[in-house]
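Read off the chains here:
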Amino acid sequence: MILVLIFLCIIIILFLFFLVLLLSSIKLEIKDFELSNITEITTKDYMIKMSINLFGKIKIFSIKLNSNKLKKIYSKSKLEKINLKEIKEIFTVEDIKNLKLELMYLNVKLKIGLEDVILTSSLVFIISTAISILLPHIIKIYNSENYKYEILPLYVNKNSYYIKLHCIIQLKIVHIINIIYIYLKKGRSDKYERASNRRSYEHSYE
């Protein structure tokens, strides 16, 4: 009887844990981030904050990483060995849409230039247009004070850029779980397909 009660308690705890996960969201804030190849960055260190919030409001867990901590993590990891081509093959544009990201705050200033003046102007126009088209799909309630972006050309006769970013992004954990499920399902189907192809090749030699 005691073992049954213990087992039921474990099931209830696990159920509550997964329920909290399904009702929670992840909030990611990137603050004071600056990057440039034309000028030395002299502002204060940037910071990344991540928190898990129940119903999007009640904070359950949070972590803060400044630029120094992130550099240490990068130096100890194998991020430089990540194959971007493989990532693109795994995650499609549709997968990114299924994440249903919510942009809660955006303040970005981007200066960009190419060796060709006409291409520079075209690129600035394309980026500005893409942002204006994308924003309505990832914003729930629009407030002009919370969403600012400035895209400017750099006419310096070389490939150059400067970006300053502060943004807050939120996504529900249930959507992350859904993407993981789709990925695992896709992996199993690819494995089955490869196995089927091997069997068909084996018969072709008979």
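Up top is the structure these notes are about.
All values derive from a computational prediction rather than experimental measurement.

Draft legend 1. Here's a closer look at the sheet that holds strand β3 (residues 58-66). Judged by pairing direction, the sheet is mixed, and its six strands sit side by side in the order β3-β2-β1-β6-β4-β5 without closing on themselves. Looking at the sheet topology across the chains shown, the edges are occupied by β3 and β5 (147-153). With direction set aside, neighbouring strand axes in the sheet form an average angle of 10°. Bridge analysis of strand β4 (residues 102-113) against β5 gives seven bridges, and the strand direction is parallel. Paired with N107 across the bridge in β5 is K148. Contacts between helix α5 (residues 117-138) and the sheet are confined to β4 and β5, with β5 contributing the most and set at about 165° to the helix.

Draft legend 2. Representation of the nonpolar core. Counting residues in each nonpolar core, the largest one holds nine residues, listed as I30, L103, L106, V108, L135, I139, Y147, L165 and C167. Mapped onto this core, the elements with two or more residues apiece are β4 and β6 (160-172). Sort the elements by how many residues they give to this core and β4 lands first, with three residues. In contact with L135, other than residues within four places in its own chain, are L103, L106 and Y149.

Draft legend 3. Quick peek at the pairing of strand β2 (residues 47-54). Sheet topology places strand β1 (residues 24-36) next to β2; eight bridges connect them, and they run antiparallel. Paired with L28 across the bridge in β2 is M50. Taken together, the eight bridges between β2 and β3 define a ladder with antiparallel strand orientation. In the strand pairing of β3, I48 is matched with L65. Counted along the chain from β2 to the antiparallel partner β3, the turn is three residues long, and its residue F55 has a positive phi close to 60°.

Draft legend 4. Representation of the side chain of S25 within the structure. When you line up the elements, S25 lands in strand β1. The class for S25 is buried, based on a relative accessible area of 3%. Dropping the residues within four chain positions of it, S25 is found in contact with S51, I52, N53, G56, Q170, L171, K172 and I173.

Draft legend 5. Layout of the pattern of salt bridges. Summed over the entire model, instances satisfying the criterion amount to one salt bridge. Ionic pairing is found between E145 and K148, a salt bridge with its closest N-O pair at 3.9 Å. Relative accessible area serves as the criterion here: at 52%, E145 is assigned to the exposed category. A relative accessible area of 39% places K148 in the partly exposed class.

Calculation notes
Residues numbered from 1 in each chain as written. Predicted model: local features only at pLDDT ≥ 70, side-chain atom pairs only at ≥ 80, totals over all residues. Heavy atoms only, no water. Pairing = 2+ DSSP bridges. Helix = DSSP H or I, 4+ residues; strand = E, 2+ residues; numbered from the N terminus. Axes fitted to C-alpha atoms, helices over the stretch in contact; angles between N-to-C directions. Contact = heavy atoms within 4.5 Å. Core = buried A, V, L, I, M, F, W, Y, C linked by side-chain atoms within 4.5 Å. Buried < 20%, exposed > 50% of the residue type's maximum accessible area, 1.4 Å probe, protein only. Salt bridge = Lys/Arg side-chain N within 4 Å of Asp/Glu carboxyl O.

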